[in-house]
Amino acid sequence: MKSAFNLRTIVVALVVAGLVLLPVYSALTGKVFILTMFTRIIILALAAASLNLIMGYGGMMSFGHAAYLGIGGYAVGILAFEGIGSGFIQWPVALIASALFALVIGALSLRTRGVYFIMITLAFAQMAYYIASSLSRYGADDGLTIYKRSNFGGLIDLSNRTQFYYVCLACLLGGIYLIWRIVNSRFGLVVQGVRSNEQRMQAIGFHANRYRLVCFVISGTICGLAGALLANNTDFVSPAVMYWTRSGDLMVMVILGGMGTLFGPVIGAIVFLLLEELLSQITEYWAMIMGPLLLLIVLFARGGIMGLLARFSRG
Amino acid sequence: MAEHLLRVENLMRRFGGLVATDNLSLEVVTGELHAIIGPNGAGKTTLISQLTGQLMPNSGAIHFAGQDITTLPSYKRSGLGLARSFQITSLLRDFTAADNVALAAQAHAGHSYRFWGNARKEAPLREAAHAALARVGLAKRADVPVSELSHGEQRELELAVALATKPKLLLLDEPMAGLGVTESQRMVALLKELRKEVTIVLVEHDMEAVFALADRITVLVYGRVIACGKPDEIRNNDEVKRAYLGDQHAVTRHG
């Protein structure tokens, strides 16, 4: 057990160190591309980490998580379009809008379990997708270009690639720290208890669904932050961000990295997006290789990459 | 006149055409150990589930500690001091024994919308958990995951979890189910201790245990109460004899 813990820790430490030092490497080699790519990876890793909170720890298989990416993104995009460029307004609005959306769809969908829960979260996300597609003032299907990134006064300049990268990385690490605290808190234990045995938790005195809902809202809010970052990263937001395949991608990242592990979603996001990048350079039918690869991992490494690392060091 | 901790009035529960609880009335006096027996399919677990709120009755009323709890959800009943153990062990399998019990203590020690502090480091909860584990003889197994505990240990843990909610009334659904002879004896000894502190409703197939422990016994057949009284009265009750003699299975297995 001890050594398993160590190998995982080493890998996680290396990954985090790599992410922290990446801008240095990029600056020394002049490879700007890698910095842009990893900014995107980090943002989606944050989204995956937020999904992992409800999926891995809470046992709630949400298939509509990309909706929050869209809501966070549109909050930034619409406010920018209407002339409100301050990040101090844009970002809190993005978080609050995501939280409210999560509260509403959570309150409705958490009445169901299993497949029905998956389907209803999917349906709500698709609804958000179609609503965004019909916003003709904000570009409808074509999406909305964001001409100026969120303005944080003299504090940080998001147009500076390196500064923006570090803002995203800080959000990711901060988000993971928050999730770590939550998971080990009273609240977190209750949520994991409900995942394990809902009837038992009710019998010892917990209103299971209320804890589930709060967890659902926290998760959605964190993902809303990822949405705000993503819109700033691409200077653009469109309905496509919340299309159901994106929700699927997030789920794959979580499962690939290891559900219910703190850094699993980060590793999952890195591996998934790097593979996507590499394979798409080899062939345009990259999904044909990616599919079976994921299948193998799901079949032979139940706990994802984190589970695999644990097994390796156990020998 | 002793005080009634639990009073059930004319409880009815149907599953389609089957009447699982048929106009059932029952009173449990504070401090007693009240056993409920009956052949398989008599509706014992259905009754317990209605008492704890996992299942709602079609009609009738349940009063607990002077309060009408008929429509109260189970988590609120737990808050009032009603605890149950499950016939089929129902624990948090991926948690340790101590975690299982500490969570039960946590449910009754302030709210759990605390997102920051490490709950496993809350000394009062851990102490409560260890006290309950020690009570049932599992002190040394505190940090073992439930999935690695033996069946007998899991049955004991069920009891520790129920105890940690500081119940006024303990509803035990076949705590001896699947236990070997020595394990059963340990459980009986444990229940003998517990009954001094808490009112207990015991559903059990093990007749030897029931007659050794119970102050009063209620006999259920097809969801109806056919007799209620002291162990000696039940032993000599003709209707009870008939119900059990009519059910060869019950006699050969438990006789």
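Use the structure listed above.
Keep in mind that this is a model prediction, so the values were computed, not measured.

## As for the sheet that holds strand β4 (residues 59-64) of chain B
All names here are of chain B. On the basis of which strands lie adjacent, the open sheet formed by four strands has the order β2-β1-β4-β5 and antiparallel pairing. Each edge of the open sheet is held by one strand with a lone partner, namely β2 (18-29) and β5 (67-68). Most of the contacts of helix α1 (residues 44-52) go to strand β1 (residues 4-15), to which it runs at about 120°, and overall it touches β1, β2 and β4.

## Quick look at the sheet that holds strand β9 (residues 216-221) of chain B
The strands making up a sheet associate through hydrogen bonds between their backbones, and the pairing can be parallel or antiparallel. Residues and elements named next belong to chain B. If you trace the six strands from one edge of the open sheet to the other, you get β6-β7-β8-β3-β9-β10, paired in mixed fashion. Looking at the sheet topology across the chains shown, the edges are occupied by β6 (82-85) and β10 (224-229). For this sheet the average axis-to-axis angle between neighbouring strands, irrespective of direction, equals 15°. Relative to β10, β9 runs antiparallel, the two being bridged by five bridges.

## A look at the packing of helix α2 (residues 32-57) of chain A against helix α11 (residues 264-282) of chain A
Residue and element names in this part refer to chain A. The contact between α2 and α11 brings their axes to 8 Å, and the two run at 135°. When the axes of α2 and α11 are compared, the pair comes out oblique. Read as a crossing pair, α2 and α11 show a hand that is right-handed. Counting all contacts with α2, which are made through Phe-33, Met-37, Phe-38, Arg-40, Ile-41, Leu-44, Ala-45, Ala-48, Ala-49 and Asn-52, the residues of α11 involved are Pro-265, Val-266, Ala-269, Ile-270, Leu-273, Leu-274, Glu-276 and Glu-277. Among the residues forming the contact of α2 with α11, the class breakdown is 14 nonpolar, one polar and three charged.

## What to know about the pairing of β1 of chain B
Residues and elements named next belong to chain B. As paired strands, β1 and β2 are joined by eight bridges and run antiparallel to one another. Paired with Val-8 across the bridge in β2 is Leu-26. Pairing between β1 and β4: five bridges, direction antiparallel. Residue pairing across strands places Leu-6 opposite Phe-64, the latter belonging to β4.

## Considerations on the interface of chain B and chain A
Tallying the contact residues gives 34 residues for chain B and 28 residues for chain A. Here chain B meets chain A over a buried area of about 2900 Å², counting both sides, of which 57% is carbon and sulfur. Joining chain B to chain A, the criterion identifies 21 residue pairs in polar contact (both at pLDDT 80 or more). Looking at the side of chain B that touches chain A, the elements that each hand over two or more residues are α2 (74-80), α3 (97-106) and α5 (151-164) of chain B. When its residues are assigned to classes, the side of chain B that touches chain A shows 15 nonpolar, twelve polar and seven charged.

## Digging into unusual backbone geometry
Within the chain, Ala-140 of chain A stands out as a residue other than glycine whose phi angle is a positive 45°. In this structure, Ala-140 of chain A sits in the loop between α5 (114-133) and β1 (144-145). We note that Ala-65 of chain B has phi near 50°; this positive angle belongs to a residue other than glycine. Inspection of the secondary structure puts Ala-65 of chain B in the loop between β4 and β5.

## Here's the deal with the state of the cysteines
All names here are of chain A. Per the stated rule, a full pass over the model turns up zero disulfides over all chains. Here Cys-168 stays free of any disulfide, with the sulfur of Cys-171 as its closest cysteine sulfur at 6.4 Å. In this structure Cys-215 is not part of a disulfide, and its nearest cysteine sulfur, from Cys-223, lies 13 Å away. A residue is classified by how much of its surface remains accessible, and Cys-215, at 1% relative accessible area, is buried.

## Regarding the packing of helix α4 (residues 87-109) of chain A against helix α9 (residues 208-234) of chain A
Residues and elements named next belong to chain A. Interhelical geometry of α4 versus α9 gives an angle of 140° and a closest axis separation of 7 Å. Considering the angle they form, α4 stands oblique to α9. In this structure, α4 meets α9 at a crossing whose hand is right-handed. Contacts between α4 and α9 involve Trp-91, Ala-94, Leu-95, Ser-98, Ala-99, Ala-102, Leu-103, Ile-105, Gly-106 and Ala-107 on the former and, on the latter, Leu-213, Phe-216, Val-217, Gly-220, Thr-221, Gly-224, Leu-225, Ala-228, Leu-229 and Asn-232.

## Some details on the environment of Thr-121 of chain A
All names here are of chain A. By the secondary structure assignment, Thr-121 is in helix α5. On a C-alpha basis, the gap between Thr-121 and Phe-63 in space is 5.6 Å, while along the polypeptide they are 58 residues apart. Here the side chain of Thr-121 touches Ile-118 through a polar contact of 2.9 Å, landing on its backbone oxygen.

## Looking at the environment of Arg-161 of chain A
All names here are of chain A. In this structure, Arg-161 sits in helix α6 (residues 161-184). Its relative accessible area of 47% is what places Arg-161 among the partly exposed residues. As for Arg-161 and Thr-39, which are separated by 122 residues in sequence, their C-alpha atoms are 8.9 Å apart. Beyond its immediate chain neighbours, meaning those up to four positions away, Arg-161 contacts Val-32, Leu-35 and Thr-36.

## Digging into the pairing of strand β8 (residues 199-203) of chain B
Remark: a regular strand shows side chains that alternate across the two faces of the sheet. Residue and element names in this part refer to chain B. Most of β8 sits inside the fold, with five of its five residues counted as buried. Burial along β8 is two-sided: Thr-199, Val-201 and Val-203 facing one way and Ile-200 and Leu-202 facing the other are all buried. Strand direction decides the pairing type here: strand β3 (residues 33-37) and β8, joined by four bridges, are parallel. The partner of Ile-36 across the bridge, within β8, is Val-203. In terms of strand pairing, strand β7 (residues 169-173) meets β8 through five bridges, oriented parallel. The residue of β8 that forms the bridge with Leu-171 is Val-201.

Here is what the cut-offs are and how they apply
Counting restarts for each chain: residues are numbered from 1 in the order of the written sequence. Chain letters and ligand numbers both follow the written order, the letters beginning at A and the numbers at 1. Reporting in this predicted model follows two pLDDT cut-offs: at least 70 for local features of residues, and 80 or more for side-chain atom pairs to be given and counted; totals over whole chains, interfaces and linings ignore these cut-offs and use all residues. The side-chain numbers reported here are obtained from all heavy atoms of the structure, hydrogens and water having been left aside. Only when DSSP finds a minimum of two bridges between them are two strands counted as paired. In DSSP terms, a helix is any run of H or I states spanning at least four residues, a strand is any run of E spanning at least two, and both are numbered starting from the N terminus. It only takes one pair of heavy atoms within 4.5 Å for two residues to be counted as in contact. A fitted line through C-alpha atoms represents every axis, and for helices the fit uses only the stretch in contact; the resulting angles, taken between N-to-C directions, go from 0 to 180 degrees. What sets the label is the angle itself: under 35 degrees gives roughly parallel, over 145 gives roughly antiparallel, 65 to 115 gives roughly perpendicular, and the rest give oblique. Should the near helix be turned counterclockwise from the far one by less than a right angle, the crossing is left-handed, whereas a clockwise turn marks it as right-handed. Throughout this entry, Asp, Glu, Lys and Arg are counted as charged residues, while Ala, Val, Leu, Ile, Met, Phe, Trp, Tyr, Cys and Pro are counted as nonpolar. The remaining residues, Gly among them, count as polar. Summed over both partners, the accessible area lost on bringing two parts together, with a 1.4 Å probe, is the buried area. Definition of a polar contact: a pair of N or O atoms within 3.5 Å, with one able to donate and the other able to accept a hydrogen when the atoms are protein atoms, and with sequence-neighbouring residues admitted only if both atoms are side-chain atoms. A pair of cysteine sulfur atoms is labelled a disulfide when the two atoms are within 2.5 Å. Summary of the burial criterion: residues with accessible area below 20% of their type's maximum are buried, those above 50% are exposed, and those between are partly exposed, where the area comes from a 1.4 Å probe applied to protein chains only.

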